[in-house]
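A closer look at the structure
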Amino acid sequence: MSLLLGAVADDFTGATDLCNTLVRRGMRTVQLIDVPPPGTPVPQADAVVIALKSRTVPAPDAIRMSLKALAWLREAAARQFLFKYCSTFDSTPEGNIGPVAEAMLDTLDGDFTIFCPAFPENARTIFKGYLFVGDVLLSESGMRDHPLTPMRDPSLVRVLQAQSKGKVGLVQHAAVGRGPAAIREAFAILRRDGCRHAIVDAVADDDLAAIGEACADLPLITGGSGIALGLPENFRRAGLLGAGGGADTLPPVAGPAAVLSGSCSVATRAQVAHMSERAPVFTIDPLGHDVAAAALAWAADRLGPAPILISATAPPEQVAAIQEKLGRDEAGARVEHIMADVARGLAERGVRRLVVAGGETAGAVVQALGVTGLRIGRQIDPGVPWTTSLDEKPIALALKSGNFGAPDFFMRAFTVLDEVTR
Ligand code: ADP
């Protein structure tokens, strides 16, 4: 069956989050890392999400990158398009959410789209156009002081209007709560009023399901990963998507297993402590010489079906001491470099099942392994699915943001993998 949904995501972990939501709702989903070169075959999937790094680049660059991704997805014959951004609407008065959405809408000859970053499961809700993070307004949340995209106005209508040419309207919860027909009616009224964009209220998953249904015929939808909750059902209703069993199945991957941890977040520290009592561990010294080579020599006669752990994870005072010596950026870059070399070396030595902890670390590892795309499988813990690379001989990867996962995550991940690839 052909591609149903083509999505453009403005960052890597956000893309994975979206993929995870789609898979859980029964769509076979592939995440592509950047736009593939022309002629690359379209992966067998119901949804393809192209992960860009366009959230905080200048707006003209974000538009160019996003339109290139959109062109690839159109060429791949996707039936509907989605622009995914952060559930806290991370942007500045210059963009990039408004300008990118408008450029995509122009390209698709669309006259109207919605903006709905709500994700109630993660405590992002929208009421009367105001975005809440947990129990407080966006402007009172930690996003107020974000280094790149400080969000100081909680009104999404105002925030979006400041960065858009088209007129922005609002679909209030009073309409959303009455279901898809009432939402479509609200869209029609806004269109008659000359609105090109609609912020849509949503405070619960049921709202997102109703909004999704109301958007079945829009060429472009924009939102956070929550907006994907309601979309698979549209394709199912149209007879284009099966019941959804097995969307998280991955090809079998056999080979030695390893965990690479470059995150110093609290959850990761607990996971490293847990695994250290149950498996061989090599600790990376960021100040050492030929550290990657030493780690690989240590790993050589320990590689097998049971995972080993190679970790740079350290408590805050140790990280502070290293940063004092090297500077924060240099310390981070050095550890990422070591992890990239270790990942490449492990792959050369046959490792095919890999858990990586740390967002930046995961980015470095994926790049080092030359991975261009990931098929998304079952989640191990909320927000962290197993994936397999799109290579002919796939490698299984679980890429974990620092603060995700229970303490037994590392060891349990491999049990989950055995179940899904059996
Ligand atoms: P998280 O998802 O927890 O934020 P990241 O991988 O994104 O993890 O970021 C962690 C950063 O800390 C990376 O740049 C990594 O290289 C760096 N780092 C890891 N271990 C150490 C250490 N022992 N000393 C200094 N920096 C470290």
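These figures come from a predicted structure and were not determined experimentally.

Parameters at a glance
- Residues numbered from 1 in each chain as written.
- Predicted model: local features only at pLDDT ≥ 70, side-chain atom pairs only at ≥ 80, totals over all residues.
- Heavy atoms only, no water.
- Near = heavy atom within 4 Å.
- Polar contact = N/O pair within 3.5 Å; in protein donor to acceptor, adjacent residues only side chain to side chain.
- Areas by Shrake-Rupley, 256 points an atom, 1.4 Å probe, with all protein chains shown as cover.
- Nonpolar A, V, L, I, M, F, W, Y, C, P; charged D, E, K, R; others polar.
- Buried < 20%, exposed > 50% of the residue type's maximum accessible area, 1.4 Å probe, protein only.
- Helix = DSSP H or I, 4+ residues; strand = E, 2+ residues; numbered from the N terminus.
- Pairing = 2+ DSSP bridges.
- Salt bridge = Lys/Arg side-chain N within 4 Å of Asp/Glu carboxyl O.
- Axes fitted to C-alpha atoms, helices over the stretch in contact; angles between N-to-C directions.
- Left-handed = near helix turned anticlockwise from the far one by under 90°.
- Contact = heavy atoms within 4.5 Å.
- Domains from an automatic or database assignment.
- Buried area = accessible area lost by both parts, 1.4 Å probe.

**Brief notes about the site of the ligand**
- Of all residues adjacent to the ligand, which total 18 residues, the nearest are Ser263, Ser265, Glu336, Glu360 and Thr361.
- Taking glycine 332, its main chain carries an N or O atom lying 2.9 Å from an oxygen atom of the ligand.
- Side-chain polar atom of glutamate 336 to an oxygen atom of the ligand: 2.5 Å apart, as the coordinates give it.
- Here the ligand has 570 Å² of accessible area as a free molecule, and 82% of this is covered by the chains.
- Considered class by class, the residues forming the shell around the ligand number seven nonpolar, nine polar and two charged.

**Examining the pairing of strand 18 (residues 396-400)**
- Of all five residues in strand 18, five are buried; the element is thus mostly enclosed.
- Across the two faces of strand 18 the burial is the same, with Ala396, Ala398 and Lys400 and Leu397 and Leu399 all buried.
- Relative to strand 18, strand 15 (residues 353-357) runs parallel, the two sharing five bridges. Of the residues in strand 18, the one forming a bridge with alanine 357 is lysine 400.
- With three bridges connecting them, strand 17 (residues 384-389) and strand 18 associate as antiparallel partners. Each residue of the ladder has a partner; that of threonine 387, found in strand 18, is leucine 397.
- Counting the residues that bridge the hairpin from strand 17 to strand 18 gives six residues.

**Some remarks on the pattern of salt bridges**
- Enumeration over the complete set of coordinates arrives at 19 salt bridges.
- Where arginine 237 meets glutamate 213, a salt bridge forms, and the shortest distance between an N and an O atom there is 3.4 Å. Of this pair, arginine 237 sits in helix 8 (residues 231-237) while glutamate 213 is found in helix 7 (residues 205-214), placing the two residues 24 residues apart along the sequence.
- Using a relative accessible area of 49% as the deciding quantity, one classes arginine 237 as partly exposed.
- For glutamate 213, a relative accessible area of 27% gives the class partly exposed.
- For arginine 378, the salt bridge goes to aspartate 248, with nearest N and O atoms at 3.4 Å. Here arginine 378 is found in strand 16 (residues 373-381), whereas its partner aspartate 248 is found in the loop between helix 8 and strand 12 (257-261), with 130 residues between them in sequence.
- Taken together, the shared-partner salt bridges connect Asp10, Asp11, Arg55 and Asp90 into one network.

**Focus: the packing of helix 2 (residues 59-75) against helix 3 (residues 97-107)**
- It is the contact of helix 2 with helix 3, at a shortest axis distance of 9 Å, that shows an interaxial angle of 35 degrees. The handedness of the crossing between helix 2 and helix 3 comes out as right-handed. Listed contacts from helix 3 to Ala59, Ala62, Ile63, Ser66, Leu67, Leu70 and Arg74 of helix 2 are Pro99, Val100, Ala103, Met104 and Thr107.
- A per-class count over the contact of helix 2 with helix 3 returns nine nonpolar, two polar and one charged.

**Comments concerning the domain arrangement of the protein**
- Taken domain by domain, the protein consists of domain 1 (5-237) and domain 2 (257-421).
- Contacts between domain 1 and domain 2 engage 15 residues on the former and 15 residues on the latter.
- In total, domain 1 and domain 2 occlude about 1,200 Å² of area from one another, counting both sides; carbon and sulfur atoms represent 59% of this.
- For domain 1, the biggest contributors to the area lost against domain 2 are Phe12, Asn20 and Ile33; these three give 36% of the whole.
- Taken together, the links from domain 1 to domain 2 amount to zero salt bridges.
- Counting only elements with at least two residues in the side of domain 1 that touches domain 2, the list comes to helix 1 (12-24) and strand 2 (29-33).
- When residues of the side of domain 1 that touches domain 2 are assigned to their parent elements, the largest contribution, seven residues, is made by helix 1.

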